[in-house]
Amino acid sequence: MRDYIDAAAFKEMILCADAALHANIQAINDLNVFPVPDGDTGTNMGLTINNAVVELRKKDFDTVAAAAECVAGAMLRGARGNSGVILSLLFRGISRRLKGLETVGAAEFAGAMNDGVEAAYKAVMKPAEGTILTVSRLASAAAVKAAGKGADLEAALASAIEAGEEALEDTVNQNPVLKKAGVIDAGGKGYMVILTAILASLRGEIRSETMSTDSAAVREAAWGAGEVEVPEKNIFDTVYVVRKNDPNVDLMPLRLYLDSIGDSLVISDDDEIFKVHVHTDIPGAALTESQKYGALDIAKIENMRLQALDLLGGRAAKSTDDLAAIEDELEAMEGTAPAEQADGAVAPAEKEYGVVVVCAGAGMESMFRDLGVDGIVTGGQTMNPSTDDILREVNRTPASTVFVFPNNKNIIMAAEQCIPLTEKHVVVMPSKTVPQGISALLNFSPDESEESLVGAMGEAMGKVHTAMVTYAARDSDFGGHTIHAGEYLGLLDGALLGSYTALDTLFADLGKACEDLNPEFVTVFYGADVTQEDAEAVGASLTDALPEAEVSVVDGGQPVYYYMISIE
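The rules behind each value
Residues numbered from 1 in each chain as written. Predicted model: local features only at pLDDT ≥ 70, side-chain atom pairs only at ≥ 80, totals over all residues. Heavy atoms only, no water. Helix = DSSP H or I, 4+ residues; strand = E, 2+ residues; numbered from the N terminus. Buried < 20%, exposed > 50% of the residue type's maximum accessible area, 1.4 Å probe, protein only. Contact = heavy atoms within 4.5 Å. Areas by Shrake-Rupley, 256 points an atom, 1.4 Å probe, with all protein chains shown as cover. Salt bridge = Lys/Arg side-chain N within 4 Å of Asp/Glu carboxyl O. Phe/Tyr/Trp six-rings, centres within 6.5 Å; stacked < 30°, edge-to-face > 60°. Pairing = 2+ DSSP bridges. Axes fitted to C-alpha atoms, helices over the stretch in contact; angles between N-to-C directions. Expected span 1.5 Å × (residues − 1).

Visitor: Explain the overall build of the chain to me, please; I cannot follow it from the model alone.
Guide: On a plain count of helices and strands, the chain comes out with 22 helices and 18 strands. The burial tally for the chain puts 50% of its 568 residues in the buried class. Relative to all contacts within the chain whose residues are 6 or more apart in sequence, the contacts with residues 24 or more apart total 71%. Split by element, the accessible area of the chain, about 26,100 Å² in all, is 50% carbon and sulfur.

Visitor: Is there a simple way to explain the side chain of glutamate 393 in this structure?
Guide: With respect to the helices and strands, the residue glutamate 393 is situated in helix α17 (residues 387–396). Residue classification places glutamate 393 among the buried residues on the basis of a relative accessible area of 11%. Ignoring anything within four residues of it in the chain, the contact list for glutamate 393 reads Lys275, Val356, Gly375, Ile376 and Val377.

Visitor: Got a minute to help me understand the pattern of salt bridges in this structure?
Guide: Opposite charge on two side chains lets them pair, provided their charged atoms get close. Applying the stated criterion across every chain yields a total of 16 salt bridges. Lysine 11 serves as the salt-bridge partner of aspartate 60, at 3.3 Å between the closest nitrogen and oxygen. Here lysine 11 lies in helix α1 (residues 7–23) and aspartate 60 lies in the loop between α3 (41–56) and α4 (64–78), a separation of 49 residues in the sequence. Here lysine 351 and aspartate 374 are joined by a salt bridge, their closest N and O atoms 2.6 Å apart. Placement of lysine 351 in strand β7 (residues 351–359) and of aspartate 374 in the loop between α16 (362–370) and β8 (375–378) is noted, with a sequence separation of 23 residues between them. Looking at lysine 351, the relative accessible area reads 37%, which means it is partly exposed.

Visitor: Teacher, can you tell me more about the packing of aromatic side chains here?
Guide: The geometry of two aromatic rings is summed up by the distance between their centres and the angle between their planes. As enumerated under the stated definition, the model contains seven aromatic pairs in all. Ring geometry for phenylalanine 274 and tyrosine 293: centres 6.5 Å apart, planes at 90°, overall edge-to-face. Note that phenylalanine 274 is positioned in strand β5 (residues 273–280) and tyrosine 293 in the loop between α13 (283–290) and β6 (294–303), a separation of 19 residues in sequence. Like phenylalanine 274, the residue tyrosine 293 is buried in the burial classification. Centre to centre, the rings of tyrosine 353 and phenylalanine 403 are 5.7 Å apart; their planes meet at 55°, and the pair counts as tilted. Here the residue tyrosine 353 occupies a position in strand β7, and phenylalanine 403 occupies one in strand β9 (residues 399–405), the gap between them amounting to 50 residues. Pairwise contacts between aromatic rings join Tyr353, Phe403 and Phe444 into one cluster.

Visitor: Can you help me understand the sheet that holds strand β3 (residues 236–244) in this one?
Guide: The pairing of strands in a sheet happens through backbone hydrogen bonds and is either parallel or antiparallel. In space, the four strands of this open sheet follow the order β4-β5-β3-β6, with antiparallel pairing throughout. Pairing within the sheet leaves two strands with one partner each, and these edge strands are β4 (262–269) and β6. Here the average twist between neighbouring strands, direction ignored, is 10°.

Visitor: Hey, could you run me through the sheet that holds strand β14 (residues 488–492) in this one?
Guide: Taking strand neighbours across the sheet as the criterion, the six strands line up as β15-β14-β11-β18-β16-β17 in an open arrangement whose pairing is mixed. Two strands in the sheet have a free side with no partner beyond their single neighbour: β15 (495–500) and β17 (550–555). Strand-to-strand twist in this sheet, taken as the mean axis angle between neighbours without regard to direction, amounts to 15°. With five bridges connecting them, strand β16 (residues 521–526) and strand β18 (residues 563–567) associate as antiparallel partners. Each bridged residue has a counterpart across the sheet, and for phenylalanine 525 the counterpart in β18 is methionine 564.

Visitor: I keep staring at helix α7 (residues 132–148) and nothing clicks. Help me out?
Guide: What sets the pattern is the α-helix's 3.6 residues per turn: residues three or four places apart point alike. Taking 1.5 Å of rise per residue, 17 residues should cover 24 Å, and α7 covers 24 Å from first to last C-alpha, within 8% of that figure. Taken together, the buried positions of α7 are Ile132, Leu133, Thr134, Val135, Ser136, Ala139, Ser140, Ala142, Ala143, Ala146 and Ala147. For α7, the secondary structure elements touched by its buried residues are α3, α5 (81–98), α6 (106–123), α8 (153–174) and α10 (186–202). Positioned one or two residues after α7, glycine 150 has a phi angle of 95°, which is positive.

Visitor: Got a minute to help me understand the environment of glutamate 423 in this structure?
Guide: Tracing the sequence through the fold places glutamate 423 in the loop between α18 (412–416) and β10 (425–428). Sequence separation between glutamate 423 and asparagine 395 is 28 residues, and the spatial gap between their C-alpha atoms is 8.4 Å.

The structure is reproduced here in structure tokens:
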């Protein structure tokens, strides 16, 4: 029996929790009820805790307080999706209670768990029961009760797990959506996997050094379900930034050249720089050609074929993240210390207001650039950016007040965590879709007060209805619809319109559903997997269904969603 934990034990507990969570990622993801492809709960929680593990492995700690503070800070910055943010808040509360403590016993740890729950509940605008919040609350309450009766640390955690498992099983009865699907809450399951691993580590039943995080579940979560695809051509994932020689330079010749030597091309630019993402077999040629337009600033090149083969072989895929250790070795050989990176540098304010948006797709990026945004965070459905990803763009924005548009309901909480992490004044506009963000920015006037801007943009967002067309990622029975994997899904303001085997039928139903909205403007943003010809046909179909509306068709280039439709 252990009566207390020290810093080394706390570190080992988190390492074991990370490994256990990663081994269960796919099982947790499979609990997600809604069948659309998304940034699944297990993946988001796994990426969040892994950010803490990366930091923990860099050093040893003298006190539990120092180790807990490291975990909380890393999780906060690495939080992805609502589940990841809530997990980070649970550990932030733990860190605050353990501040100043070298070792921790049952009463302190149970109280810290309870503080974590309080922090999470306070941060969630409308806490819902039958979720990770319920499971963590009842688990921590049981730990506090047991510790109050004199239980040691192991016994208190065992009580927490028993109560947490009961609460998890009951989530199916508390949440109507879960009850209909007959599944427990995914976030709650992830939390219990972590808590169970923490107790097993404390008892010495598991050790992080013998636990693999390269399981098939992890590989599937990283690469998508099914077989890992090994690319045979255009194998180098090449991303780089170039500082322009001329702010008005025409990049079309470069775009045509890069498209001729690779695929998956995305180029975004502003007056000072342009960013390139391309898959190619000759990354050197891409860099050389691009330097005709300016000075190379930073570049990343990864061999996707070797990464895929590593994953198939059960090995950790190498990435540019491994270069830090190599750089340290080289610098040490030269007798000099590696240069400090100014990654957290904050741009001085050159204006009152700036704007950062989250979106994916070359067309969407171009559209937001035309609307005058300062920073773009690549992300959205299936790829929720971390708090740190958003914070980086906020800090780069040369304004005293920065408006952030998450453009996805699962990214709003991650954006909100930026507020206390920067000296800039951050205003998160709770846009749930890209069309809402676009409409809001059409009403952005830098001459207005912050209060007026928030009111005007919020009102504009409220007038936008958004329709989405994607595919079913899994078989499901949802909202009275029997859904089969691969079918087209129609969504209107987040509600399922239906599942379809033919797009013509889907758009006929969508047109009827939109008649009652009496729209004046309809904009069809078509995705990366849709041809212009097919998109124009969809535009014509909606024009016939909504003759009073002005219908336009725009190349959004977004992934996941074949069509994203703004209805105003």
